[in-house]
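Structure assessment
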Amino acid sequence: MNSDAFLDEAYREALEGFEQGGVPVGAVMVRDGEIIARGRNKRVQEEDPVMHGETDCLRNAGVMDSYDGVDLYTTLSPCMMCAGAILHFGIRRVIVGEDVNFAGNIEFLRQHGVEVILVDDTQCKVLMARFTEERPDIWLEDIGEGSVPAPSPPRPRESGNLLNSGEP
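Position numbers for residues count from 1 along each chain, tracking the sequence in the order it is written. Thresholds applied to this predicted model are a pLDDT of at least 70 for local features of residues and 80 or more for the giving and counting of side-chain atom pairs; totals over whole chains, interfaces and linings are not thresholded and use all residues. Computation of side-chain values: all heavy atoms of the structure, hydrogens and water removed.

Attention shifts here to the overall build of the protein chain. Only DSSP runs of H or I reaching four residues or more are called helices, and only runs of E reaching two or more are called strands; each is numbered from the N terminus. Within the protein chain, the regular secondary structure consists of seven helices and five strands. The linear arrangement of helices and strands in the protein chain, starting from the amino end, is α-β-β-α-α-β-α-β-α-β-α-α. Here's how the labels work: a residue is buried when its accessible area is under 20% of the maximum for its type, exposed when over 50%, partly exposed in between, all with a 1.4 Å probe on protein chains only. The burial tally for the protein chain puts 42% of its 168 residues in the buried class. Partitioning the contacts of the protein chain with sequence separation of at least 6, the portion at a separation of at least 24 is 52%. In this analysis, two residues are considered to be in contact whenever any of their non-hydrogen atoms come within 4.5 Å of each other.

Have a look at this one:
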């Protein structure tokens with residue numbers, strides 16, 4: 001397969017996630033010209049806040065002795081959590097489908113020695129734009145800018161509570 005075919009595989013993961021009602025971000029990991037893992041954002045489907053496309057792909061790859069020679073293809077520029085995972089596992093090359101709908105952390109990755117190739121893929125841009133238009137609530141929650149309710153302020157302690165009673 002060539003690199004366009006690998007990005008197409010990541011797109012297929014994103015499309016499947018979209019069809020399942022989730023955030024359309026897909027990823028594949030490639031070593032020696034072969035896909036060794038694939039994943040998609042499953043935050044909605046599995047109610048798991050850290051199950052982004054890249055982290056699902058890493059999880060599906062399982063424990064590896066080394067990530068040398070592994071390329072990560074992702075349909076959207078990685079968020080900070082996924083960029084951190086990329087750095088943590090030592091992935092040195094990331095191919096990104098698009099950064100129009102979410103700028104992500106391409107420069108952060110580059111500043112930390114990761115080669116990032118931005119493809120500017122039309123199908124990736126169109127799918128994500130459709131999703132952000134149709135489901136802005138889920139999108140904003142996924143990137144940490146949503147209307148997730150703030151925690152309630154702590155309630156005052158009752159006067160009969162031993163912690164506030166003044167007794168030793």
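Still more to cover.
Two strands qualify as a pair provided DSSP detects at least 2 bridges between them. Taking strand neighbours across the sheet as the criterion, the five strands line up as β2-β1-β3-β4-β5 in an open arrangement whose pairing is mixed. Because the sheet does not close on itself, it has two edges, and the strands there are β2 (34-40) and β5 (115-118). If you compare each strand with its neighbour and ignore which way they point, the axes differ by 20° on average. Set on the sheet, helix α3 (residues 53-61) makes contact with β1 (26-31), β2 and β3 (70-74); between it and β2 the angle comes to about 130°. Axis geometry follows a simple rule: fit a line to the C-alpha atoms, using only the stretch in contact for helices, then measure angles between N-to-C directions, giving values from 0 to 180 degrees.

Time to look at the environment of P24. As for its placement among the helices and strands, P24 is situated in the loop between α1 (3-19) and β1. According to the relative accessible area criterion, P24 is buried, its value standing at 3%. Separated by ten residues in the primary sequence, P24 and A14 have C-alpha atoms spaced 4.2 Å apart. Those residues in contact with P24, other than ones at most four positions away along the chain, are A14, F18, T75, L127, M128 and F131.

Attention now moves to the packing of aromatic side chains. The rule is short: rings of Phe, Tyr and Trp, with Trp giving its six-membered ring, pair when the centres are within 6.5 Å, and they are stacked under 30 degrees, edge-to-face over 60, tilted in between. The tally for this structure, following the rule as stated, stands at four aromatic pairs. For the pair F18 and F131, a centre-to-centre distance of 6.5 Å together with 75° between the ring planes defines the contact as edge-to-face. You can see F18 sitting in helix α1 and its partner F131 sitting in helix α6 (residues 122-134), a full 113 residues away along the chain. This pair shows no difference in class: F18 is buried, exactly as F131 is.

Before going further, it helps to examine the confidence of the model for the protein chain. By definition, pLDDT measures how confident the predictor is in each residue, and it falls between 0 and 100. For the protein chain, the average pLDDT comes to 89, and 85% of its residues sit at 70 or higher. Of the regions scoring below 50 in pLDDT, residues 161-168 engages in four contacts with residues more than four places distant in sequence or in other chains.

Quick look at the environment of Q123 now. By secondary structure assignment, the location of Q123 is in helix α6. Residues Q123 and D8, spaced 115 residues apart in sequence, show a C-alpha to C-alpha distance of 9.1 Å. In this structure, Q123 is in contact with D8 and Y11, ignoring residues within four places of it in sequence. Reaching out from Q123, the side chain makes a polar contact with the side chain of D8 at a distance of 3.1 Å. The definition of a polar contact used here is a pair of N or O atoms within 3.5 Å, where within protein one atom must be able to donate a hydrogen and the other to accept one, and adjacent residues in sequence count solely through side-chain atom pairs.

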